[in-house]
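# Structure assessment
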Amino acid sequence: MRILLVASAFNSLTQRVHAELRERGHRVGVVLALGEDTIRAKVAEFAPDLIVAPMLTSAIPEDIWSAHTVLIVHPGPKGDRGPSSLDWAVHEGADEWGVTVLQAVAEMDAGPIWATEPFPVAACGKSELYRTEVADAAVRAVLTAVNRYATGAFVPEPLDYDRPDVRGVLRPYHAQQYRRIDWTTDDTATVLRRLRAADSQPGVLDELYGREFFVHGGHPEDRLRGAPGAVIATRDGAICRATVDGAVWLPQLRPRRIPGGPTTFKMPATTALGADLPPGIPEAPVSPAEAATRDTWSEIRYREENEVGYLEFAFTSGAMSTEQCRRLLAAYREAATRPVNVLVLGPARDFFSNGIHLNVIEAAPDPAAESWANINAMDDLVEAILTTTDTLVVAALAGNAAAGGVMLALAADEVWCRASTVLNPHYRLMGLYGSEYWTYTLPRRVGAATAERLTTEALPVGARAAVSLGLVDRALPGDAAHFWDQVRRDAETLSAAPELADRLVRKKRRRAADEAERPLSDYRATELGHMWRNFHAPGEPYHALRRDFVHKVCPTRTPDHLIDV
């Protein structure tokens, strides 16, 4: 079928639906909901059989939904209505929630139901929940609805609150009055629910040292204690703030915008506070191995089981700053010295990596210099993985990856991903040539012609398509927990395999042969030559594109690469 996606943004869920539908042979067009006339023009041009709205914050024009079947993806169970469904689910501590695909009608979220799927509410932030359990349920519901539409025989179910399975209600916008934290009375569980319900937008409005900030994200702390509301420690850019019965880690803050002033954006908490952070607050370091045994916030954890090492990293939004790359490199080098046969890299859930940290770069006094430092730190990390020859390295992607994050994964010997993973193996939408040794690793996997296509067409690639291309080795079904169960079993099988020694010998020989043909340093120098121009040459689009991305500037048109693909 010809299916048109109408979306307020080409976000992770829209990309996932786009990839899943294309993998099933549908012709998929995209139009960003930038105005009713824009939508009308695209509908007239594309002539869709069906319109699907995976993520929409505005209404579809009546003349469109009255002439075409328009399916709206709503992140709530049957009967749930309103713009803050997930916020309320996390805020109220729901154990189970749902995604409903309903037909657009005059009244928002009140149309007949084409499909609904439940999902468990994990103990995590709203954005992570959205990209994992919500996305999985949404794709199941969309595919069910599309198949039902294709049969021509399915009659959608009218919304009827008298039905026993319709348990949702109309909920108000989840305004700051519901999110407010009282540090003198709220316990840790309450604080965490409110922080997680506001992650990554809009954040919880709070005050620190006489300034107002939006707080983004929250994680428990198992040992540190202090006066409720006090900042009692820092760690790797985050601050630890005491509650009445414990403490929580706050990784990111966003200064409240001054009326008439410039837009603000999320930054590491200590960066956002700057000189307002009082001297004398102790840094509370934790090693990756210690972090793996504690209920505390750490971006990097390391553990070993049955001669397999697991280096877990979880960076907010998948972005990796210069310092984060350096910390991960140090942890990797330490892990590579351990007596393990297989080393598995990747977070337990959510993003694997999205490459360099654009927000940190934007906040730097010299963004070009920070961009250069960041890409070199990424290259150092990738080089360390590529030159590891006495251990088999597996990249395990439980979530999405993009740009340099994809190339980070490709440095491993094998790449295993969850079947729901979406990859964006390109840089050009940020005006960059790219580095991370992609000119070595990507053609080696998919061939020069496919590497050229992937990096220039700049479209998301679903896990199944990635396997068929050779971009990844395996796509494993199931949720994140099932994925990691399988990863552990298979990693232990690899570690115990009699042929592992021979495989490592072949790996070492291939690396030596590749180095003799063209040194890694040559790939790096060539890539960085392009990147230096991207960062420093007049007229390059990178800095403007980065600013628009960080400050969330709304596009004025649907990007060319998304039109009728």
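Residues numbered from 1 in each chain as written. Predicted model: local features only at pLDDT ≥ 70, side-chain atom pairs only at ≥ 80, totals over all residues. Heavy atoms only, no water.

Helix and strand content of the chain: 20 helices and 25 strands. Here the chain has a C-alpha radius of gyration of 24 Å; the compact-globule value for 565 residues is 24 Å, and the two agree. The principal-axis extents of the C-alpha atoms in the chain amount to approximately 65 × 60 × 55 Å. For the chain, the proportion of its 565 residues judged to be buried stands at 56%. Across the chain, contacts joining residues at least 24 apart in sequence account for 69% of those joining residues at least 6 apart. Surface exposure of the chain reaches about 23100 Å², of which carbon and sulfur atoms provide 53%. (Helix = DSSP H or I, 4+ residues; strand = E, 2+ residues; numbered from the N terminus. Rg over C-alpha atoms; globule rule 2.2 N^0.38 Å. Buried < 20%, exposed > 50% of the residue type's maximum accessible area, 1.4 Å probe, protein only. Contact = heavy atoms within 4.5 Å. Areas by Shrake-Rupley, 256 points an atom, 1.4 Å probe, with all protein chains shown as cover.)

Mapping T243 onto the fold places it in the loop between β11 (238-242) and β12 (247-250). At 3.2 Å, the side chain of T243 and the side chain of D245 are in polar contact. (Polar contact = N/O pair within 3.5 Å; in protein donor to acceptor, adjacent residues only side chain to side chain.)

Right, let's get into the sheet that holds strand β4 (residues 70-74). The mixed open sheet is built from six strands, whose spatial order is β2-β1-β3-β4-β5-β6. Either end of the sheet is taken by a strand with one partner, and the two such strands are β2 (27-32) and β6 (113-120). Sheet twist, expressed as the average angle between the axes of neighbouring strands with direction ignored, equals 20 degrees. Where strand β1 (residues 2-7) meets strand β3 (residues 50-53), three bridges bridge the pair, whose relative direction is parallel. Paired with L4 across the bridge in β3 is I51. Seen against the sheet, helix α2 (residues 36-46) touches β1, β2 and β3 and runs at an angle of roughly 160 degrees to β2. Where helix α5 (residues 126-151) meets the sheet, its contacts fall on β1, β3, β4, β5 (96-103) and β6, and the angle it forms with β6 comes to roughly 155 degrees. (Pairing = 2+ DSSP bridges. Axes fitted to C-alpha atoms, helices over the stretch in contact; angles between N-to-C directions.)

Turning to the sheet that holds strand β9 (residues 219-221), a few remarks are in order. Strand pairing in a sheet relies on backbone hydrogen bonds, with the paired strands running either antiparallel or parallel. If you trace the four strands from one edge of the open sheet to the other, you get β9-β12-β11-β10, paired in antiparallel fashion. Two strands in the sheet have a free side with no partner beyond their single neighbour: β9 and β10 (231-235). Between one strand axis and the next, the sheet turns by 30 degrees as a mean value, whatever way the strands run.

This paragraph deals with α2. Each α-helix winds once per 3.6 residues, and so residues spaced three or four apart point in a common direction. Within α2, the full set of buried residues consists of I39, K42, V43 and F46. Down the axis, α2 shows its buried residues gathered within 100 degrees of arc, on one side only. For α2, the exposed residues lying more than 90 degrees away from the buried face are D37, A44 and E45. For α2, the secondary structure elements touched by its buried residues are β1, β2, β3 and α3 (62-65). Directly after α2, the chain includes A47, whose backbone phi takes a positive value near 50 degrees. (Arc of directions from axis to C-beta.)

Here we come to unusual backbone geometry. A cis amide bond links D199 to the next residue, S200, at an omega of 5 degrees. Examined against the element boundaries, S200 turns out to sit in the loop between α7 (188-197) and β7 (204-208). With an omega dihedral of 5 degrees, the bond running from Q201 to P202 counts as a cis peptide bond. With respect to the helices and strands, the residue P202 is situated in the loop between α7 and β7. Phi is positive for S317, close to 60 degrees, though the residue is something other than glycine. Along the chain, S317 turns up in the loop between β16 (308-313) and β17 (319-320). Given a relative accessible area of 37%, S317 falls into the partly exposed group. For A458, which is not a glycine, the phi torsion comes out positive at approximately 55 degrees. Assignment of secondary structure puts A458 in the loop between α15 (448-457) and β24 (461-462). The exposure class assigned to A458 is buried, which follows from its relative accessible area of 2%.

Looking now at the pattern of salt bridges. Using the criterion set out here, one finds 50 salt bridges in the structure. Of the charged contacts in the structure, one is a salt bridge between R524 and D380, with a shortest N-O distance of 2.8 Å. One end of the pair, R524, is in helix α19 (residues 520-536); the other, D380, is in helix α12 (residues 367-386), and 144 residues separate them in sequence. Judged by its relative accessible area of 14%, R524 falls in the buried class. Salt-bridge contacts for R511 lead to E515; the nearest nitrogen and oxygen are separated by 2.7 Å. Placement of both R511 and E515 in helix α18 (residues 500-517) is noted, with a separation of four residues, approximately one turn of the helix. Each of R16, E20, E23, R24, D136, R418 and R464 takes part in one network of salt bridges that share partners. (Salt bridge = Lys/Arg side-chain N within 4 Å of Asp/Glu carboxyl O.)

What follows covers the nonpolar core. Formed by 86 residues in total, the largest nonpolar core has its most connected members in L253, L311, Y332 and L397. With sequence-adjacent residues up to four places away left out, L311 is seen in contact with I300, R301, Y302, L328, A331, Y332, L343, V344, L345 and G346. (Core = buried A, V, L, I, M, F, W, Y, C linked by side-chain atoms within 4.5 Å.)

On to the side chain of R294. The topology assignment puts R294 in the loop between α9 (288-291) and β15 (300-305). A polar side-chain atom of R294 sits 2.6 Å from a polar atom in the side chain of D222. Residues in contact with R294, not counting those within four places in the same chain, are E221, D222, R223, R235, V286 and R301.

The subject of this paragraph is the pairing of β15. Of the strand pairs in this sheet, β15 and β16 are connected by six bridges, and their pairing is antiparallel. Note that in β16 the partner of R303 across the bridge is Y310. Between β15 and the antiparallel strand that follows it, β16, lie two residues; N306 among them carries a positive phi value of about 50 degrees.

Once that is clear, we can look at the packing of aromatic side chains. Scanning the model with the defined rule gives twelve aromatic pairs in all. Ring centres of W114 and Y149 lie 6.0 Å apart, and the angle between their planes is 55 degrees; this geometry places the pair in the tilted category. Separated by 35 residues along the polypeptide, W114 in strand β6 and Y149 in helix α5 bring together distant segments of the chain. Taking the relative accessible area as the measure of exposure, W114 reaches 6% and is therefore buried. Residue Y149 is classed as partly exposed on the basis of its relative accessible area, which comes to 25%. A ring pair is formed by F483 and W484, whose centres lie 5.7 Å apart and whose planes are at 80 degrees; its orientation type is edge-to-face. W484 gets classed as buried once you look at its relative accessible area, which sits at 8%. (Phe/Tyr/Trp six-rings, centres within 6.5 Å; stacked < 30°, edge-to-face > 60°.)

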